[in-house]
Amino acid sequence: MSKRKVNDAPLPVGTCISEVQDILRKRLCHQQLPDTPEGVQAQHKHLLELLKRTAIHGESNSVLIVGPRGSGKTMLLKCVLRDLLEEKEVERNLLQVHLNGLLQTDDRIALQEMTRQLHLENVVGDKVFGSFAENLSFLLEALKKGDRSSSRPVLFVLDEFDLFAHHKNQTLLYNLFDVSQSAQAPVAVVGVTCRLDVLELLEKRVKSRFSHRQIHLLSNPTFSQYLERVQTQLSLQDDFPDKTFAQDWNASVKTLCEDKSVEDALQRHYNSSKNFRSNHMLLMLCLSRVSVANPAIKPADLLEASKMCLIDAQANMLHGLSILELCLIIAMKHLNDVYEGEPFNLQMVHNEFKKFLQRKSNSMYNFEQPVIMKAFEHLQQLEMIRPVDSSSVKTQREYQLMRLMLDNTQVMEALQKYPQCPTDIKQWAMSAYG
Amino acid sequence: MKYFTRLRVRRVYKWRGKPISFNRKLKICEYTSLDISVEGLPRVTVIKTGQHILIEGDDEDNPYVAKVIRLYGDENGKQKKVVVQWFVRVSEVPLSKLKLLGREPHPQEIFYYQGRSCDDEVDAESILRPVKVQRLDGAAPFPDSDDQDTLSSLSPSTPCSPPTGTPVSRGPARRALPTPDLAIMRRAAPGEVRYSKATMSAGKPSTAEAESMHSATKRSASKCLSAKRRNAFARTPGIRKKLELSSPEKKSAIAEDHLNQLLDEDPESELMLAQRLSSSPPQAVLLKHSLTPLRKNLKSSVLLNKMCLSEINSSPSSDHSTRATTPSKKREPQTLKEPALEMLAEVDNETSPTLPITATPRSLKRKSAQLVSSRIRKQLNLLDDQQDLSSDGEDDFVPSKRELQSSSEDDEDDDGGEKEAALDSDDEVLVKKGRHAAAGCRTPRSKQRTRTSTRTPRRTPNKKQITPGTPRTPHHATPSIPCRLRPAQQPANVLEEARLRLHVSSVPESLPCREQEFQDIYSFVESKIVDGTGGCMYISGVPGTGKTATVHEVMRCLQHATDMDEISPFHFIEINGMKMTDPHQAYVQILQKLTGQKATADHAAALLEKRFSNPAPRKESTVLLVDELDLLWTRKQNVMYNLFDWPTRRHAHLVVLTIANTMDLPERIMINRVASRLGLTRLSFQPYSFKQLQQIITSRLNKVKAFEEDALQLVSRKVAALSGDARRCLDICRRATEICEHSAADTSSTGLVGMSHVIDALNEMFSSAYITAIKCVSVQEQLFLRAIIAEFRRLGLEEATFQQVFVQHQALCRVEGLQPVSVSEGLAVCQRLGACRLLLLEPSRLGVLQRVRLNVSQDDVLYALKSD
């Protein structure tokens, strides 16, 4: 460390660490755009050309970007827009309207938002005047007035496109696509969705007006690419202020990725999901363990983080239950085995539990009915069990039908790890019959 | 109240003097003038030949304008006829023609009517009263008047007495009315009202009312108020609603600014004027015009109009224009603020606080106002400054309370209390401001309001702000997307050119392959127009078969025929079920496109009903295109019923063309009485065959050589086999040109779009992504899919719970030598597959109990997994 200080002058290690954390966090959580989108160059080119034609030639278009969650749809679109706006030709011409199906849940809201973002004349400040019907005709008239060569092109980005297809009559989509297919103001409608069957959601006349261009983002990185990507994600760029620190850091990242156990852990993540969003989650956990005392990511950190990511949420909760509650869960598990998953009620569970107590002739777990009831309710609050929908509220609580929300494997695993679990209970749980 | 009861007056029409000639053959006597008197009133109005008159029409508020050419009657004097030369108001000119004018017409302008389709002989009993029409020199500024009943016209030929400069004799036609009764006044109102389409309907009743108040100058203010209130009660909800429309921000900012300036400049004279006005009813006469034959002289008139427009802009200061505005305008707000109108109060929150004050007896108000105002004046001054800064400089019109007050004061004490009144109203404003300030000026509007009132602390200014000018209603607001700063590039090469031509939006020179359908529709519509009858036609066909395009083509041709004078002119209106939010909006849109009026759905339906069922002295045929008819379905089907019923009326002259996708729509969704009115004139558009598609592309390309023949054939065959949708076909071709362009960069190809490009495009658009998607998912996700299939086979069902599948999944993991996944992880895998709809899932809150189904066929899954 002292060597570094002499060399490059430079920064105390604490500053470097916080700098590193800053840079990597931006990369991992702030969705910082990469300079070039990896693995989707073809799609990038296609989309860029398409939007360019709208912006420069005034050609109307519509396109859907389809891909599973976390596959980089929005990243692609943002990269394209960034590249597009770099062109002088486009920069001051393009109007953008961004809508999100989760925010604009019906056409009325969507129209108001569009009018607002377009700064049309019936907008004062943030308020849009006029009724739904007026807004619609107003907007349509505005778009109709334009023509290919003289109006500014408008880019409509519809995030969560599939949700727009659930609006009444699909009025908004019909009108947007209709504008894109008629000689009005030039528009580009870009839908972003993760549903592969999105076209089936469109009504036939809406579908006919859609140009059927779909850009699929179905990237299939191999494990080595995945590994490489992890490495680049963690590596520092050349412009890091303290060169020596950066070199050390990059070297440590390299050794990390070559470590066998790390590779195994990453392989497991890769098997589970290829997208980088879940990967970022893992890396964030590693990153947060970096400190002055621990100035590089060690394999142990990554393994720990990986364990945290893969942990079963419900098994964890089982560890926190009381012995009584655990007994009830075991009784339910036996009921499930016996009745093949038929729902049960408190009384049945209690009887099952009593049978166990009688066999053991052990009064240690002899609880009053109200106590059992309370434990049962607690389990329901934890959503370990849930009432069967059909059972109405009218039935007494003791007789309300319930289902266990846990898998047998989860119960057994939890028992193994349960701190100081009485052996007789363990045996009871393991026994094949009740 | 009294006025309303006398709404329907009986007018008596009598010949004046002896007949000047008698035609034996026809047995008619010609006269020079006609007397109109109203029963019970001594005044008599004389109509002479050469005079301009208003004639009762469908629209009570906008009577027709005409010039009397000849007056005659039969021997025994029973029948009285008038031969007239018609003029049309701006609002009667079809919007499409208005565009030809090339400028914004003044709302008061009228145009010479040359059409032959109207009878120029009308019953004398339909004459309402004379009107002043003034011919305007092309170069003369359009009188800014807003006074009732003066209509202006620009004449390219005879410039006569431009009203500029001279303060003009104010003897408005209004005062010359046979009686001051309200019914007539109402009719008189349109002139003034027309300056704002939005305020139109709202303004009408209110001005009429104001008018009546004015005439009753002798009444005490309180009496007036109560009368007003009662009137307000009597008003229908429809009217109240409409009042909302006339929201302040629609008014023209520019006009106000001018006025404000003016007013600030010489407040003195303004006061005087106001006084004069309030005491002496007669006002502006002005203008009028002559119209330039619309079609023929367009060019010259456009030129002239431009000049006159510019002049308006530059010299807004002529005294009379401001003066003219006062009388009518100042009252409008009164109704707006009617205390009794609860609804209004809600609508117009900003004004509501002031309402109670208006209602209080004057003396009280005055005292309290003075007290309060003196105390807060200082603070307000401060506030004002700030508000001035904060407001954006746009002077929205604000009906301030002051107007209310002053007008009622006029009534109360015309001459005497002038000074006091002024003071009074000042105070009032201040009080109001105080309230706003206290309320924190929540909306920008209220800010502006207070500001305007402070800026022009005289009494008259505000009245003038309610000037005609250009209303800011959506209709006039000409909403538009801003113009681009750099021009769009023109296509640079053959492929770009081809792409441009292949875009669905480009309008082809002709519509190939639809000749028969075109002919059918053309002859149907033409025959109806020629006969002056009405009828319905139902057009069906799957999307993209050229239904709407063909109808538009027919309309273009008919329009052309009209221009060539082969058939009489007609209106063409188009509505689209998808472009409205609710079926009843259809009425609103039809009405607006027909007359430019805005109304609520119910009111619009009533107006249309009236228009289509009453005989009118002149009427052109209307062709109505209803696209996406199925969306106009309502439970009672009254929208469809009306649309199909109107054409059957004798006077409607309405042709309705309806378009929908399904052939059996009338049988499926329409109840009998609707289907029966629709009739049996049906036309079905068959999907295009591959030959037709090929022809369509070829004709669009129009000699631009961009495609290989085979490629075209492949596209058209493929599309014809799938849907016959021409849009699809064009989109594929367009995409193929793009692919060709990209590939041309690296290989030295022919530059033409070939088979390979088309195949790529087809694959891109028609192939399903499921298989690729399955290939691309992660190992665990693939395992999960296999587990599902295994479980389905075990159960013999196509559905299983997550728990069951998970057991299989664990087993498969072991087989594959992978570490078994936890339940949470398994659920995450399942959700990811569900999100891209490879699986169909129940809501995720069910956890391990949720049921899982495949959204792809099992074979597809197995195929995709095997080929790995």
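Here goes a summary of the coordinates provided.

Calculation notes
Residues numbered from 1 in each chain as written. Chains lettered and ligands numbered in written order. Predicted model: local features only at pLDDT ≥ 70, side-chain atom pairs only at ≥ 80, totals over all residues. Heavy atoms only, no water. Helix = DSSP H or I, 4+ residues; strand = E, 2+ residues; numbered from the N terminus. Buried < 20%, exposed > 50% of the residue type's maximum accessible area, 1.4 Å probe, protein only. Contact = heavy atoms within 4.5 Å. Areas by Shrake-Rupley, 256 points an atom, 1.4 Å probe, with all protein chains shown as cover. Polar contact = N/O pair within 3.5 Å; in protein donor to acceptor, adjacent residues only side chain to side chain. Salt bridge = Lys/Arg side-chain N within 4 Å of Asp/Glu carboxyl O.

Below, the discussion takes up the overall build of chain B. In terms of regular secondary structure, chain B is built from 36 helices and 21 strands. Per-residue burial over chain B gives 56% buried out of 868 residues. Across chain B, contacts joining residues at least 24 apart in sequence account for 74% of those joining residues at least 6 apart. Here chain B has roughly 35800 Å² of accessible surface; of this, 53% comes from carbon and sulfur atoms.

Mapped onto the fold, Asn175(A) is located in helix H9 (residues 171-180). Each C-alpha atom of the pair Asn175(A) and Val206(A) lies 8.6 Å from the other, and the pair is 31 residues apart in sequence. When near neighbours in sequence (up to four residues on either side) are disregarded, Asn175(A) contacts Leu136(A), Leu140(A), Met578(B) and Lys579(B). Of the polar contacts made by the side chain of Asn175(A), one reaches the backbone oxygen of Met578(B); its length is 3.4 Å.

For helix H25 (residues 638-645) of chain B, a buried count of 6 out of 8 residues is recorded, marking the element as mostly surrounded by other parts of the structure. For H25(B), every residue scored as buried is listed here: Val639(B), Met640(B), Asn642(B), Leu643(B), Phe644(B) and Asp645(B).

Right, let's talk about the environment of His742(B) for a bit. With respect to the secondary-structure elements, His742(B) resides in helix H30 (residues 726-746). The exposure class of His742(B) is partly exposed, given its relative accessible area of 22%. The spatial distance from the C-alpha of His742(B) to the C-alpha of His757(B) is 10.0 Å, given a sequence separation of 15 residues. Apart from the residues within four sequence positions on either side, His742(B) is in contact with Lys45(A) and Glu49(A).

Taken as a whole and judged by the stated rule, the model has 41 salt bridges over all chains. Glu59(A) is the partner of Arg499(B) in a salt bridge, and the nearest nitrogen-oxygen pair spans 3.8 Å. Pair noted here: Arg499(B) is in helix H20 (residues 494-502) and Glu59(A) is in the loop between helix H3 (41-57) and strand S1 (61-66), and the two residues belong to different chains. The class of Arg499(B) is buried, set by a relative accessible area of 2%. A relative accessible area of 8% means that Glu59(A) is categorised as buried. A salt bridge links Arg205(A) to Glu628(B), with the nearest nitrogen and oxygen atoms 2.7 Å apart. Residue Arg205(A) is located in helix H11 (residues 204-209), and its partner Glu628(B) is located in the loop between strand S16 (621-627) and H25; the two belong to separate chains. The pair formed by Arg205(A) and Glu628(B) is uniform in burial state, with each residue classed as buried. Connected through salt bridges with shared partners, the residues Arg53(A), Glu59(A), Arg213(A), Arg499(B), Arg728(B), Asp731(B), Arg734(B), Arg735(B), Glu738(B), Glu741(B) and Glu764(B) form a single ionic network.

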